[in-house]
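Residues per chain, in single letters:
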Amino acid sequence: MKFSVTVTLKKDVLDPQGKVVQNTLNSLGMKNLKSIRQGKFFEIDIDEDNQEKAEKLVKEMCEKLLANLIIENYKIIKL
Amino acid sequence: MKFSVTVTLKKDVLDPQGKVVQNTLNSLGMKNLKSIRQGKFFEIDIDEDNQEKAEKLVKEMCEKLLANLIIENYKIIKL
Amino acid sequence: MKSSVIVFPGSNCDRDVAVALKKMQFNNQMVWHKETSLPKSDLIVIPGGFSYGDYLRSGAIAGKSLIIDEVIKAANSGCFVLGICNGFQILTETGLLRGTLLRNESLKFINKDINIKVINNKTKFSSKYKLNQVLKLNIAHNEGNYFTDKNHLDELKNENLIAFKYCDKNGNISVKSNPNGALENIAGIYNSKKNILGMMPHPERMVDSIISNTDGVNIFSSLMV
Amino acid sequence: MKINNDIIEQHGLKLDEYESIKKLLKRNPNLLELGIFSAMWNEHCSYKSSKIHLKKLPTIGEQVIQGPGENAGVIDIGDEDAIIFKIESHNHPSYIEPYQGAATGVGGILRDVFTMGARPIALLNSIHFGSPSHPKTKSLLNGVVSGIGGYGNCIGIPTVAGETKFNETYNENILVNAMAVGHAKKNKIFYSKAKGVNKAVVYVGSKTGRDGIHGASMASAEFDENSEEKKPTVQVGDPFTEKLLLEACLELMRDSSIIAIQDMGAAGLTSSSVEMASKGSLGIELELDKVPCREEKMTPYEMMLSESQERMLIILEDGKEEHAREIFKKWDLDFVVIGKTTSSQKLVLKYHNKIEAEIPLDALSSKAPLYNRKWSKKRLSKNKIEIKKLKKIKLEDALIKVLSSPNHSNKSWITDQYDQMVMCDTVNRSGSDAAIIRIHNKDKAIAVSVDSSANYCKSHPLTGGKQIVCENWRNLIAVGAKPLAITNCMNFGNPENQEIMGEFAECLIGIKEACEFLNYPVVSGNVSFYNGTNKKNIFPTPVIGGVGLINNLKKYQTHNFKMETSNIILIGKSFGHLEQSCFLKEVYSIIEGRPPEINLTNEKNNGECVLSLINKNLVLSAHDISSGGLITALSEMCIGSSIGIKVEKPKKLTNINEYFFGEDQGRYILEIEQKNLSEVEKIIKKNNIYYENVGITQKDYFEIKGEMKIDVNDLFKINNHWYNNY
Ligand SMILES: Nc1ncnc2c1ncn2[C@@H]1O[C@H](COP(=O)(O)OP(=O)(O)O)[C@@H](O)[C@H]1O
Ligand SMILES: [Mg+2]
């Protein structure tokens, strides 16, 4: 079963990468870019047919490793 | 108008990060993880109401900066 | 004094810090991350480098290793723990220290000599420095941009838990003397019991006058007092 | 698949080469075999155009333990210590994907060094980009620099020196050359020659993927307009895995388990297995089913031609398998016995119990094509540049132009992105003539530097070749090191072009003459041809990487002025040679005429005299004079220290620009404490060396009497402006 996970910085956490990307895009002439924030993306394939169980597993991965819950949020999407 | 962009490594391109994450998750006991690949995620907000124009802009951002087309693919989703 | 240096795959300042510890007369042991017990030690050092390549988030994967449980136990029972650079990142990932280290503001790796100011010299790690003394140490990191929430920042200030701040050579703390964007120029912090120090600059690189200077010596030798 | 002319061509083979393959095999090759031939016979692996020229280089000397022919060169630095080093190009991959190209370039050269048993202790690089105004240059520069840093920083080996140049000749073809230097014990050096039949052939490291298939052929084919669209599977570097591989290999090397070891570089499994077996006059048989693969359904063809990084091939002594396996397991690396050595003198590949390829090894190595390509000589230019006829420029304005030019600007924007201090043995970091790295736990050190001079080489390859060797030698002398040996990376255009081949041949003659005269042998190197696009070739760019020895760390030198009111001495004669100079280029955009002449006798005498003065602790600072001449060198000594100078106008040369910007060779500037001046002069005179007293150091101001006076801090700003604002 396949999932995608996005991990993003919480709202009040500084995003140095996003900031630089934004400045660069602005200086490339894209003036109407209001904001851009950068996060991580994972494509996960697990050997489990029961959706509920599978989702629980993915959630565990996020909490244990993929996201740093102090500064990041995560979102799981079944593919 | 808001978009999300995911940038992923092309097939067959080595993903050292995903590899290490996979090994770690496996050694944390998650044996039924088949594969995990890591990519980037962007949340973009642009000042443009015309969807077609907005999408064109986001596409330009991807090709110019966000994705390295030699090794990466990107996908744009309207939010 | 007995010390242990934890070695993760990808640690690369482990030898450097071991050399410094030996020079300071510590009786040091290297401890491989797959070990499940720690030798008896007065000081545990988590060295700099790129544990697990710093893939995912710097320090994240090392923070899940077997030996870390032992480090946490030892720290909680009062053992001194020093995390340098990647070691600092690992300590924040394990929760032994609070806050996090984000990408440098420039998004570039930075290696250079910088100045830091001793903000608290009343700890076991810093007693041989003078208060407000300006040190020249070396930084080498991608993610040294310290960040924490408002409450914790207040706590750091109120309880005098900020160890060092980036400054210029005259001791001025300003945006200009901040190499990586760290919150309030913070270069190193203590936990509330002050037995754990995490710092981005590398004291072990400044213990030999042929290579640089000896401003880093007192971090190690203070512990000997 | 039936092999037709298209397929042969796609493999970078000429039709007559294909005929030779058929003759050697006495049959038609299958596709796998064709792939193997193409990998082994291409320029990159076979050196077919360069071999006969390279043979002439001096490669022996009492300091040489191993010359060219192994993964890297090995020299003796006294006691039980050896230094192992090599330079290699990664030009084409870096142009396509600058970050990964540069990163894997660093990874590759590191493996060449630690495969011989050395712990790498320093990284260097020589990077050449197109004109700064070319639309691609900025992102290439960014990508290459962060790729070099990304790999070296992560693996934890200091990047300590290099050179960065801009020149429009590299607009469509940048150069990325990486050099690695390692330290080993003399009696613990490992070679790639297989010995003994029926020995286990072990694959260790990362898994094999579809990376850079045809990578080796790519490096030997000219770019054309479509090459960016070809999008070859780019190799991605994994410095973390390389760090594990490094530690695991060094751990296994502590005892005597290894018979032979070789990294999988260009042409991966093919070249490593072929080279190890053919050096030992043995055969080798591989079972491809056992090759650890990253992707599903990989074919034998893909396995044999993959250029996946961070892999090694080892031939083990009997009975050592379990011991070795334990070590690689500890470091979480693959360890698989994939074959054995045989006595057949053939490469035999089996897959699913079938023989898929069977090739006599000599057909791949000693019987590979060898070309004596036509080459033409280049004459010295007869164009004379009348300096007096050029528009006048004030000395100060010219100096500012030079110091603020991309090529002469301070490189700290780059070097701050490299960890220069890790390992805690970096005595002298980037920014000087040569970096100095201490031998761990000892009181001695090595000095390292890389250099090139493409404009000189273009103008007159023979002189240019000599010049870089001398400049590199001088850079080591200036920090107080005895130069021991060099490695070289020959970056040239298309060798099928007679003129380009001439540039190559003549540069090599120049290198040879200088190396012979200076007892400065070549112990390793690399050739990169086909640098250019659509028949436009790059300037000939040989890069020299030199290693010298500092026997006593109390006696080394840096180029920063140390104190006020000391004397400044200029060693060597100034003739005011401005043709091909940086002055003419930066001020007048003129790149013409001949390069400065090389007088090897003076070069040697001057250098040896400077070295003896440094060794006697009579020198406060030292700097060689190169591009930009005397005034640029003096500025650099001030900028590094914030101490100024007061210098007289020349007495003999009438043209002040010729005197201050001339690029005459074999010259050094020394700072001498007043009380030592007479002793120093005595020694210099005794050695019959030409010298001049040019002035003294002073507080704050860079002053040339009656011409200019500028605050040293302003010079610093001028010199630091360009990169930060690019
Ligand atoms: N890409 C680079 N990487 C590391 N160091 C560099 C790089 N480019 C330049 N440098 C350093 O900058 C200094 C000046 O370079 P260069 O002008 O080529 O010196 P020189 O003329 O003495 O050979 C040297 O110390 C060199 O090592
Ligand atoms: Mg020099």
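Calculation notes
Residues numbered from 1 in each chain as written. Chains lettered and ligands numbered in written order. Predicted model: local features only at pLDDT ≥ 70, side-chain atom pairs only at ≥ 80, totals over all residues. Heavy atoms only, no water. Helix = DSSP H or I, 4+ residues; strand = E, 2+ residues; numbered from the N terminus. Rg over C-alpha atoms; globule rule 2.2 N^0.38 Å. Buried < 20%, exposed > 50% of the residue type's maximum accessible area, 1.4 Å probe, protein only. Contact = heavy atoms within 4.5 Å. Areas by Shrake-Rupley, 256 points an atom, 1.4 Å probe, with all protein chains shown as cover. Arc of directions from axis to C-beta. Axes fitted to C-alpha atoms, helices over the stretch in contact; angles between N-to-C directions. Left-handed = near helix turned anticlockwise from the far one by under 90°. Nonpolar A, V, L, I, M, F, W, Y, C, P; charged D, E, K, R; others polar. Least-squares fit on C-alpha atoms with pLDDT ≥ 70 in both. Near = heavy atom within 4 Å. Polar contact = N/O pair within 3.5 Å; in protein donor to acceptor, adjacent residues only side chain to side chain. Buried area = accessible area lost by both parts, 1.4 Å probe. Salt bridge = Lys/Arg side-chain N within 4 Å of Asp/Glu carboxyl O. Pairing = 2+ DSSP bridges.

1. Topic: the overall build of chain A
In step 1: Each helix and strand in chain A was counted, giving two helices and three strands.
In step 2: Along its sequence from the N terminus, chain A presents helices and strands in the succession β-α-β-α-β.
In step 3: Relative to the compact-globule value of 12 Å for 79 residues, chain A shows a C-alpha radius of gyration of 16 Å, a clear excess of over 25%.
In step 4: Here the C-alpha coordinates of chain A stretch approximately 50 × 25 × 15 Å along the principal axes.
In step 5: Taking all 79 residues of chain A together, 47% fall into the buried category.
In step 6: Within chain A, counting contacts between residues at least 6 apart in sequence, those at least 24 apart form 66% of the total.
In step 7: When the accessible surface of chain A is split by element, carbon and sulfur atoms take 48% of a total near 4,100 Å².

2. Digging into the arrangement of the chains
In step 1: Among five pairs of chains with at least one contact, chains A and B form the most extensive contact set.
In step 2: Looking at chain A next to chain D, you find no contact at all, with the nearest C-alpha pair sitting 12 Å apart.

3. Digging into helix α2 (residues 15-25) of chain D
Residues and elements named next belong to chain D.
In step 1: Where α2 is concerned, the buried positions are Glu 17, Tyr 18, Ile 21 and Leu 25. Axial view of α2: buried residues confined to an arc of 105°, hence all on one face. Residues of α2 that are exposed and point more than 90 degrees away from the buried face comprise Asp 16 and Lys 23.
In step 2: Following α2 by one or two positions, Lys 26 adopts a phi angle in the positive range, close to 60°.

4. Topic: the packing of helix α7 (residues 98-114) of chain D against helix α8 (residues 137-155) of chain D
Residues and elements named next belong to chain D.
In step 1: Contact geometry of α7 with α8 gives a least axis separation of 7 Å together with a crossing angle of 40°. The interaxial crossing formed by α7 with α8 has right-handed handedness. For the pair formed by α7 and α8, the contact residues are Pro 98, Tyr 99, Ala 102, Ala 103, Val 106, Gly 107, Leu 110 and Arg 111 on the first element and Ser 139, Leu 140, Gly 143, Val 144, Ser 146, Gly 147, Ile 148, Gly 150, Tyr 151, Gly 152 and Ile 155 on the second.
In step 2: Partitioned by chemical class, the residues of the contact of α7 with α8 number 11 nonpolar, seven polar and one charged.

5. Quick notes on the relation of the copies chain B and chain A
In step 1: With an RMSD of 0.2 Å, chain B superimposes on chain A once it is rotated by 180° and translated 0.0 Å along the axis. The two molecules are tied by a two-fold rotation axis, judged by turn and shift. Residue B:Lys40 of chain B places its C-alpha closer to the rotation axis than any other residue of that unit, at 2.3 Å.
In step 2: A high fraction, 100%, of the interface residues of chain B reappear at the interface in chain A, so the copies pair face to face through one surface.

6. Structural notes on the site of ligand 1
All names here are of chain D.
In step 1: In the vicinity of ligand 1 lie 18 residues, with Asn 125, Thr 164, Gly 431, Ser 432 and Asp 451 positioned nearest.
In step 2: At a separation of 2.6 Å, an oxygen atom of ligand 1 approaches a polar backbone atom of Gly 431.
In step 3: A distance of 2.8 Å separates an oxygen atom of ligand 1 from a polar atom in the side chain of Asp 451.
In step 4: Here ligand 1 loses 86% of its free accessible area of 560 Å² to cover by the protein chains.
In step 5: Elements with a contribution of two residues or more to the shell around ligand 1: β4 (119-129), β5 (159-166), α17 (412-415) and α19 (461-478).

7. Section: the interface of chain B and chain A
A common way to state how big an interface is: give the accessible area lost once the parts meet.
In step 1: Taken together, the contact between chain B and chain A spans 30 residues of the former and 30 residues of the latter.
In step 2: Across the interface of chain B and chain A, roughly 2,900 Å² is buried in total on both sides, 67% from carbon and sulfur atoms.
In step 3: On the chain B side of the interface with chain A, the three residues burying the most area are B:Met30, B:Asn32 and B:Phe41, jointly 20% of the side's total.
In step 4: If you look at where chain B meets chain A, you find zero salt bridges.
In step 5: At the boundary of chain B with chain A, the tally comes to 10 residue pairs in polar contact (both at pLDDT 80 or more).
In step 6: The set of elements that each furnish at least two residues to the side of chain B that touches chain A consists of β1 (2-9), α1 (16-27), β2 (33-46) and α2 (51-66) of chain B.
In step 7: A total of 14 residues in the side of chain B that touches chain A trace back to one element, the largest contributor, which is β2(B).
In step 8: Across the side of chain B that touches chain A, the residue classes break down as 14 nonpolar, seven polar and nine charged.
In step 9: Examined bridge by bridge, strand β2 (residues 33-46) of chain A and β2(B) share 13 bridges and lie antiparallel to one another. Along β2(B), the bridge assignment pairs A:Glu43 with B:Arg37.

8. A look at the pairing of strand β3 (residues 43-46) of chain C
All names here are of chain C.
In step 1: The two faces of β3 match: Leu 43 and Val 45 on one face and Ile 44 and Ile 46 on the other face are all buried.
In step 2: Bridging between strand β1 (residues 2-7) and β3 involves three bridges; their strand directions are parallel. Bridge pairing in β3 places Val 5 opposite Val 45.
In step 3: As judged from the four bridges shared by β3 and strand β4 (residues 80-84), these two strands associate in the parallel manner.

9. Observations concerning the pairing of strand β25 (residues 668-672) of chain D
Both faces of the sheet carry side chains from a regular strand, because those side chains alternate between them.
Residue and element names in this part refer to chain D.
In step 1: The buried count for β25 comes to five of five residues, which makes it a mostly enclosed element.
In step 2: Because side chains alternate across β25, one face comprises the buried residues Tyr 668, Leu 670 and Ile 672, and the other comprises Ile 669 and Glu 671, equally buried.
In step 3: Relative to β25, strand β22 (residues 567-571) runs antiparallel, the two being bridged by five bridges. Across the sheet, Asn 567 pairs through a bridge with Ile 672, a residue of β25.
In step 4: Across four bridges, strand β23 (residues 621-624) lies against β25 in antiparallel orientation. Across the sheet, residue Asp 624 finds its bridge partner in β25, namely Tyr 668.

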